[in-house]
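What follows is each chain in one-letter form.
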Amino acid sequence: MPPHEEATEPQSRLEFALTTIRMGAPAKYLLALLVALLALGLRMAVLPVEAGLAFLIFYPSTAVVALLCGLRPSVLYIAVSALTGTYIFLPPAWGFSADKLLPSCAYVLSASTILLVIYFYQRRVARQTQVLTREMVARESTAVALRHTLDQHDKLEHAFRQTFEQAAVGLAHVSLKGHWLRINQKLCDIVAYNRDELLNMTFQDITFPADLDADLAFVMQMLSGEIDHYTMEKRYLRKGGGIVWVNLTVSMVRRVDGSPDYFIAVIEEISRRKNAEEALALSEQKFSMAFSANPAAIALTRVEDGLFVEVNETWVELSGYTREESIGQSGRAMHIWPTPERAAEFTQSLRDRGTVRGWEQSFNKKNGEIYIAQLSAQLLRVGGEDHVLSTLVDITASKHAEQEIRNLNASLERRVMERTEKLERINHDLDDFAYIASHDLKEPLRGLHNYASFLQEDYAEKLDDEGKRYLERMQRLVERLSALIDGLLSYSRLGSTDLPQEPVALDQVLDEVLEDLRVFLKEKNVTLVRESTLPTVVCNAMWVREVFQNLITNAAKYNDKDDKRIEIGTRGGANPVLCVRDNGIGIAPQHEDTIFRIFKRLHEQNKFGGGTGAGLTIVKKIIERHGGRIWLESQLGEGTSFCFTLHGDT
Ligand code: ADP
């Protein structure tokens, strides 16, 4: 209730008491007249008119009127009572005379005296009452104000307690030595200590050691009066391990005499913000490292005016322009582009696609040198503006190396071609020479053979046994030499003749070969197995016939088994592999290549039916002239497979 309302009640009661005495003026006059009439009536009723004591009743009435009606109505009363009393009761009754003047004046005087006594007494009482009333009112007001103040204080105390306890930040009162004096729940939550534990500790106990000195330095400054508050970011050690980042604001409360009393600390947890800041700083650091230490030259250009906004170290090294020279300049103004058209093409390409990837582009350095770079660029929005992020990888060295390799390759190719031509010429010449030589050798050899035959036929009886043996031996050598020369002739002819090719059914070729060898194979007691039908292949039928003939003859010849067996078949698809397999004597691994050399034989002349050692060489040459290849797979004592293709592998 407001104070003025409380004060109204006693005041109105007092006023009521006063108003019962102080009526309105007309009423008072009326009352005075009424009392005068009553006194008159009473006097007449009590005593006969002529009984004397005219004013006996009027004195007490005067006192009553003075008390009730105040000064002026009382004067009226005295006047009325004096006139009526004098007229009626003073002898001679019922009339005026000069004799009545004196007693009448005496009455007026005495009544006036009573009136004045009562009047002054009343004034005094009224004044005292007024003072008392004022005092009472003042006391009442003071009491009300005091009650109000106490009430306000209670409310403030309650509000403060509520605010302190329910604040969203940690709040504490801390002694000058660092003891926690008063703490709220939020602070307990932040540092994970309960209230009792924390109140037995100091802020130094839970401050992260690395942050303590800075905090204490601020405290000293506050105590010395240099500052009146401070704010810092620091770490507290949480109970049970771990740290928590807080934003601490401290101010100081002083006593009335100005000396420091205690600190007020406001502690706001900022771990999340701090972690985010740290993550951001780390990512910025990573980005800036990736930018500045990138082995590729990187430049950021503003689209609006084409000016460089940022360049990295590699850019500076590559272009020859310092960072200061580059930033705020445009590539065109620095003449880094070889032609303005190329720069325009780059801009257009970026506009169309928003990106450029792996352009090989030459650029001018500051010193006029030219470098070649692989240029990639990307449109980006940075700080609300369009930018181009360009990366340049210097490929000058590799381009030069590439060119050098190309030059080398070209010269190598030229030289190989020259050599090949030369070799082909030599081979051709050699083939010609071998052909001519062997052809020419055949003539005297034939003569030699003829003369040896003549000797045997015509002079046989003149020769003793030893002479005959020599002659036979000579004939055999001549025959052998002739066979060798035939081989050489075939071989050289193969090099110099054309090899027309057409689709040939190999099954048919094989049929003809087997027909030719039928007697030979029968004599050798060979079982021949044709595993599969052979394909039709583009080749020279005559020479492929030679190949089959040679391989099948060898397979039958170089076989010491009783049940000789030859298998002929194919492997593979598009470029078929043809194989002639035997269960003969096999070939040792170290001879797998040498047996293809001309005249190379692995046995004594007479063993396995003899031979010249030219067969496999010719076979290899035929196959290679078709573009194919030949190889063997063999197990000594168990057999050999000769496999070949007639075309190159695709
Ligand atoms: P030739 O049969 O006239 O001696 P080739 O050039 O045909 O000459 O063969 C060379 C050598 O390879 C032969 O002397 C023989 O030792 C060996 N040879 C060839 N074919 C076979 C085979 N199928 N099995 C074992 N050895 C072989």
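Residues numbered from 1 in each chain as written. Predicted model: local features only at pLDDT ≥ 70, side-chain atom pairs only at ≥ 80, totals over all residues. Heavy atoms only, no water.

### So, the overall build of the protein
Here comes step 1: In terms of helices and strands, the protein carries 18 helices and 17 strands.
Here comes step 2: Here the protein has a C-alpha radius of gyration of 72 Å; the compact-globule value for 650 residues is 26 Å, and the former is much larger.
Here comes step 3: The 650 residues of the protein split such that 34% are buried.
Here comes step 4: Accessible area of the protein: about 39100 Å², with a carbon and sulfur share of 58%.
Here comes step 5: Taking the 73 positively charged and 86 negatively charged side chains of the protein as two groups, their mean positions are separated by 8 Å. (Helix = DSSP H or I, 4+ residues; strand = E, 2+ residues; numbered from the N terminus. Rg over C-alpha atoms; globule rule 2.2 N^0.38 Å. Buried < 20%, exposed > 50% of the residue type's maximum accessible area, 1.4 Å probe, protein only. Areas by Shrake-Rupley, 256 points an atom, 1.4 Å probe, with all protein chains shown as cover. Lys, Arg positive; Asp, Glu negative; His and termini not counted. Charge placed at Lys NZ, Arg CZ, Asp CG, Glu CD.)

### Overview of the packing of helix α4 (residues 71–88) against helix α5 (residues 101–166)
Here comes step 1: Where α4 contacts α5, the two axes come as close as 10 Å, and the packing angle between them is 160°. It follows from the interaxial angle that α4 and α5 lie roughly antiparallel. Relative to α5, α4 is oriented so that their crossing is right-handed. Within the contact between the two elements, α4 uses L71, S74, V75, Y77, I78, S81, A82 and T86 and α5 uses S104, Y107, V108, A111, S112, L115 and Y119. (Axes fitted to C-alpha atoms, helices over the stretch in contact; angles between N-to-C directions. Parallel < 35°, antiparallel > 145°, perpendicular 65-115°, else oblique. Left-handed = near helix turned anticlockwise from the far one by under 90°. Contact = heavy atoms within 4.5 Å.)

### Digging into the state of the cysteines
Here comes step 1: With the rule as written, the count across this model stands at one disulfide.
Here comes step 2: The residue that forms a disulfide with C579 is C643, at a sulfur-sulfur distance of 2.4 Å. One quick way to see it: the torsion about the S-S bond of C579 and C643 is about 110°, and its sign makes the bridge right-handed. Highlighted residues: C579 in strand β15 (residues 577–582) and C643 in strand β17 (residues 639–644), separated in sequence by 64 residues.
Here comes step 3: Judged by relative accessible area, C579 falls into the buried class, the value being 4%.
Here comes step 4: A disulfide-free cysteine, C539 has its sulfur positioned 16 Å from the sulfur of C579, the nearest such atom. (Disulfide = S-S within 2.5 Å.)

### Examining unusual backbone geometry
Here comes step 1: Positive phi, normally seen in glycine, also occurs at N525, with a value near 60°.
Here comes step 2: With respect to the helices, strands and loops of the structure, N525 is situated in the loop between α16 (506–523) and β12 (526–530).
Here comes step 3: Look at F608: it is not a glycine, yet its phi comes out positive at around 50°.
Here comes step 4: Inspection of the secondary structure puts F608 in the loop between β15 and α18 (615–626).

### Some points on the packing of helix α2 (residues 25–46) against helix α3 (residues 58–69)
Here comes step 1: Here α2 crosses α3 at 165°, and the two axes come no closer than 10 Å. With respect to α3, the axis of α2 lies roughly antiparallel. In the packing of α2 onto α3, the handedness of the crossing is right-handed. Of the residues in α3, those touching α2 at K28, L31, A32, V35, A36, A39 and L40 are F58, S61, V65, L68 and C69.
Here comes step 2: When its residues are assigned to classes, the contact of α2 with α3 shows 10 nonpolar, one polar and one charged. (Nonpolar A, V, L, I, M, F, W, Y, C, P; charged D, E, K, R; others polar.)

### Some details on the pattern of salt bridges
Here comes step 1: Inspection of every chain in the model, using the stated rule, returns 31 salt bridges.
Here comes step 2: A salt bridge links R323 to E310; the shortest N-O distance between them is 2.8 Å. Within this pair, whereas R323 is found in helix α12 (residues 323–326), its partner E310 is found in strand β7 (residues 308–311), the two being separated by 13 residues in sequence.
Here comes step 3: For R323, a relative accessible area of 37% corresponds to the partly exposed category.
Here comes step 4: The residue E624 makes a salt bridge to K620 at a minimum N-O spacing of 3.3 Å. Taken together, the positions of E624 and K620, both in helix α18 and four residues apart, correspond to about one turn of that helix.
Here comes step 5: Through salt bridges with shared partners, a single network forms among E233, R273, K274 and E277. (Salt bridge = Lys/Arg side-chain N within 4 Å of Asp/Glu carboxyl O.)

### Comments concerning the side chain of D507
Here comes step 1: Position of D507 relative to the elements: it lies in helix α16.
Here comes step 2: Under the relative-accessibility criterion, D507 is labelled buried at 17%.

### Considerations on the site of the ligand
Here comes step 1: By nearness alone, 21 residues border the ligand, and N554, Y558, R601, H603 and L616 come closest of all.
Here comes step 2: Between the ligand and T612, the relevant distance is 2.9 Å, taken from an oxygen atom to a main-chain nitrogen or oxygen of the residue.
Here comes step 3: Measuring from an oxygen atom of the ligand, one finds a backbone N or O atom of G615 at 3.3 Å.
Here comes step 4: Considered on its own, the ligand offers 520 Å² of accessible surface; in the complex 98% of this is hidden by protein.
Here comes step 5: Those elements giving two or more residues to the shell around the ligand turn out to be α17 (541–557), α18 and β17.
Here comes step 6: When residues of the shell around the ligand are assigned to their parent elements, the largest contribution, three residues, is made by α17.
Here comes step 7: Among the residues forming the shell around the ligand, the class breakdown is nine nonpolar, eight polar and four charged. (Near = heavy atom within 4 Å. Polar contact = N/O pair within 3.5 Å; in protein donor to acceptor, adjacent residues only side chain to side chain.)

### Some thoughts on the sheet that holds strand β5 (residues 260–269)
Here comes step 1: Pairing is antiparallel in the open sheet, where five strands are placed in the order β2-β1-β5-β4-β3. Since the sheet does not close on itself, it has two edges, and those belong to β2 (180–183) and β3 (229–237), each with one partner. Strand-to-strand, the axes of this sheet are offset by a mean angle of 30°, without reference to chain direction.
Here comes step 2: One ladder, built from five bridges, connects strand β1 (residues 170–174) with β5; its direction is antiparallel. Directly across from H173, in β5, lies its bridge partner I264.
Here comes step 3: Sheet strands touched by helix α10 (residues 271–292): β3, β4 (243–254) and β5. Its angle to β4, the strand with the most contacts, is close to 125°. (Pairing = 2+ DSSP bridges.)

### Some details on the pairing of β3
Here comes step 1: Pairing between β3 and β4: nine bridges, direction antiparallel. For E233, the partnering residue across the bridge sits in β4 and is N247.
Here comes step 2: Between β3 and β4, which pair antiparallel one after the other, the connecting turn spans five residues, and G240 there sits at a positive phi close to 85°.

### Observations concerning the side chain of T314
Here comes step 1: Here T314 shows up in helix α11 (residues 313–319).
Here comes step 2: At 2.5 Å, the side chain of T314 forms a polar contact with the backbone oxygen of N294.
Here comes step 3: The residues touching T314, leaving out its near neighbours within four places in the chain, are N294, P295, A296 and A297.

### Regarding the nonpolar core
Here comes step 1: Of all hydrophobic cores here, the largest spans 40 residues; its most connected members are L506, F548, I552, I566, F642 and F644.
Here comes step 2: For this core, the secondary-structure elements that each account for two or more residues are α16, β13 (536–539), α17, β14 (564–571), β15, α18, β16 (630–635) and β17.
Here comes step 3: Residue contributions to this core peak at eight residues, all from α17.
Here comes step 4: Residues in contact with I552, not counting those within four places in the same chain, are L510, V513, L514, L517, L521, I566, I568 and V580.
Here comes step 5: A172, W180, I190 and L248 belong to the second-largest nonpolar core, a separate cluster that totals 27 residues. (Core = buried A, V, L, I, M, F, W, Y, C linked by side-chain atoms within 4.5 Å.)

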